[in-house]
Amino acid sequence: MATINDNYLKLKAGYLFPEIARRVNAFAEANPDAKIIRLGIGDVTEPLPEACRTAMIKAVEEMGDRNTFKGYGPEQGYAWLREKIAAQDFQARGADIDASEIFISDGSKCDTGNILEIFGHNNIIAVTDPVYPVYVDTNVMAGNTGAANEKGEFEGLVYLPITAENNFTAEIPSQKVDLIYLCFPNNPTGATATKEYLKAWVDYAKANNSIIFFDAAYEAYITDPDIPHSIYEIAGAREVAIEFRSFSKNAGFTGTRCALTVVPKTLTAKAADGSDVEIWKLWNRRQSTKFNGVSYIVQRGAEAVYSQDGQAQIKALVGFYLENAKIIREQLTAAGLDVYGGVNAPYVWVKTPDDLSSWEFFDKLLHTVNVVGTPGSGFGAAGEGYFRISAFNSRENVEEATKRITEKFTAFMK
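Owing to the predicted nature of the structure, the values given are computational and were not obtained by experimental measurement. (Residues numbered from 1 in each chain as written. Predicted model: local features only at pLDDT ≥ 70, side-chain atom pairs only at ≥ 80, totals over all residues. Heavy atoms only, no water.)

### Considering the overall build of the protein chain
Note the following rule: Note on conventions: DSSP H or I runs of at least 4 residues are helices, E runs of at least 2 residues are strands, and numbering of each starts at the N terminus. Contact between two residues is taken to exist if any of their heavy atoms lie within 4.5 Å; hydrogens are not considered. Computed with the Shrake-Rupley method and a 1.4 Å probe, the accessible areas treat only the protein chains shown as cover for residues.
Of the regular secondary structure elements, the protein chain holds 12 helices and 15 strands. The principal-axis extent of the C-alpha atoms belonging to the protein chain is close to 60 × 55 × 55 Å. A sequence separation of at least 24 residues applies to 73% of the contacts in the protein chain between residues at least 6 apart. Accessible surface computed for the protein chain: about 18,300 Å², of which carbon and sulfur atoms make up 49%.

Encoded structure:
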């Protein structure tokens, strides 16, 4: 008889965002005239930049000509895209990253889960709490954890609480951990990390032979010149960190799918016999075996991000969402809520009022003003009592949603 991977049975009934969709759909069916505004999931709404669209149209035309048709491309990504990424995203910021250390993929969500395949099951793994759920769930699926307790914390993971008291930046652990997930600008709290803070983590990782999984999917939203965009801006990070990036939130590629993972060739880990193994070689082997690469058309669209027109259009697109975040942050603060994030980040992190749980606040917001956000408890036990609101929506919807909340806030809380 066929058997299953029992680790999947440790997971909660549903991933956070499908559960949100289930509740919203049930409400919509019962209230067909309700005008629901969704500020929950971090999906973009504005069109792809013109430079990307133009490049992709040209690439489609090339695919219609035998002389320019492309079949399988390099599993690691085309050199012309990797070279532009290396030069403009890393080398221009003083980060010593070579194009050969960049792997193009169809999503950083996929990569943060797939990376676990090349690491052993005996690693001590640290995650912040609250945290992007994929980090935890993929470790559960891989068999790296025990069962969950009543708070939803999985045995075998080291949880690093991030709260208002520590500015939503986790304290360096006193114990030794092997794999560390960090995300800045942070999803879900919108917090950012200084160079001094990231240096402390790099120093810790070097002292403990640890590896940092650094998720920089939202780096384009950093406007403060003193905040690093990449962990490789920190000296020594090449020896201790893997970085994940995405074109989803800067160029609107959520439905187009293109991302990248940086694995420095100087990064090593131990084999069972105690020998040092280059992580780059393992990831390259994994990708070459299990991945056929991102389509030529999509990679040409991503390449256009680095053109002069593309850079201007990306800046405008990111600026649009940052202005949405500013509106949300300012309006909800004026309504009397405790609000965090929304600066150098597209997410606003709200303290639920009147001791409401995260899901109670979700339901009240949905049923009273027909606005959808994300319950903080869905990101971990320490997220209980908080709520995430996304700036990814039209200006009209953002202004209408904040108007509903601020105008009806007093009545809404009664």
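Anyway, onward from the coordinates.
### A short note on the pairing of strand β3 (residues 125-129)
The side chains of a regular strand alternate, first on one face of the sheet and then on the other. Condition: Burial here depends on accessible area, computed with a 1.4 Å probe over protein chains only, as a share of the maximum for the residue type. Under 20% is buried, over 50% is exposed, and the range in between is partly exposed. Consider the strands pointing away from the viewer: the crossover is right-handed when the path from the first strand over the helix to the second runs clockwise. Following DSSP output, two strands are said to pair if at least two bridges run between them.
Extensive coverage of β3 is indicated by the burial of 5 of its 5 residues. Here β3 shows two buried faces, one formed by Ile125, Val127 and Asp129 and the other by Ala126 and Thr128. Once the chain exits β3 it traverses helix α5 (residues 133-141) before rejoining the sheet at strand β4 (residues 157-161), and the crossover so formed is right-handed. Bridge count between β3 and strand β5 (residues 179-183): 2 bridges; the pairing is parallel. Among the inter-strand pairings, Ala126 is bridged to a residue of β5, identified as Ile180.

### Regarding the nonpolar core
Side chains of a nonpolar character, in soluble globular proteins, are inclined to be buried together. What counts here: What we call a nonpolar core is a set of buried Ala, Val, Leu, Ile, Met, Phe, Trp, Tyr and Cys residues that are connected through their side-chain atoms within 4.5 Å.
Core analysis: the biggest nonpolar cluster contains 102 residues, and Ile85, Phe90, Ile102, Ile212, Tyr232, Phe247 and Phe253 have the highest contact counts within it. The dominant element in this core, judged by the number of residues it contributes, is helix α10 (residues 308-334), at 9 residues. Core analysis: the next-biggest nonpolar cluster, separate from the first, contains 29 residues, Phe103, Phe119, Val127 and Val134 among them.

### Quick look at the pattern of salt bridges
Basically, it comes down to this: We define a salt bridge as a side-chain nitrogen of Lys or Arg found within 4 Å of a carboxyl oxygen belonging to Asp or Glu.
The tally for this structure, following the rule as stated, stands at 17 salt bridges. Arg22 is the partner of Glu19 in a salt bridge, and the nearest nitrogen-oxygen pair spans 2.8 Å. Of this pair, Glu19 and Arg22 both sit in helix α1 (residues 16-30), 3 residues apart, roughly one helical turn. Note on Glu19: relative accessible area 22%, which makes it partly exposed. Overlapping salt bridges bring together Glu19, Arg22, Arg23 and Asp363 as one network.

### Regarding the side chain of Thr374
Here Thr374 lies in strand β14 (residues 374-375). Residue classification places Thr374 among the buried residues on the basis of a relative accessible area of 0%. Those residues in contact with Thr374, other than ones at most four positions away along the chain, are Leu16, Phe17, Ile20, Gly40, Ile41, Phe379, Phe387 and Arg388.

### Regarding helix α3 (residues 79-90)
As a reminder of what qualifies: Expected span, for any helix, means 1.5 Å times one less than how many residues it has.
If you check α3, its first and last C-alpha atoms are 16 Å apart, about what 12 residues at 1.5 Å a residue would give, namely 16 Å. Trp80, Leu81, Arg82, Ile85, Ala86, Asp89 and Phe90 are the residues of α3 that are buried. Lining the buried residues of α3 we find β2 (102-105), β7 (241-246), β8 (259-262) and α9 (296-303).

### Some remarks on the pairing of β5
In terms of residue burial, β5 counts as a mostly covered element, since 5 of its 5 residues are buried. Judged by which residues are buried, β5 turns out to be covered on both faces: Leu179, Tyr181 and Cys183 on one side and Ile180 and Leu182 on the other are all buried. Here β5 pairs with strand β6 (residues 211-215) via 5 bridges, running parallel. Its bridge partner lying in β6, Ile180 is registered against Ile212.

### Considering α10
In a regular helix each residue adds 1.5 Å, so 27 residues correspond to 39 Å; α10 covers 39 Å between its end C-alpha atoms and thus fits that length. Of the residues one or two after α10, Gly336 is the one with positive phi, at around 100°.

### Observations regarding the environment of Thr163
What counts is decided by this rule: A 3.5 Å cut-off defines polar contacts: any pair of N or O atoms within that distance qualifies, except that in protein one atom must be a possible hydrogen donor and the other a possible acceptor, and neighbouring residues in sequence count only when both atoms are side-chain atoms.
Assignment of secondary structure puts Thr163 in the loop between β4 and β5. Overall, Thr163 belongs to the partly exposed group, its relative accessible area being 21%. Separated by 26 residues in the primary sequence, Thr163 and Thr189 place their C-alpha atoms 9.0 Å from one another. In this structure the side chain of Thr163 is engaged in a polar contact, spanning 3.1 Å, whose partner is the side chain of Glu165.

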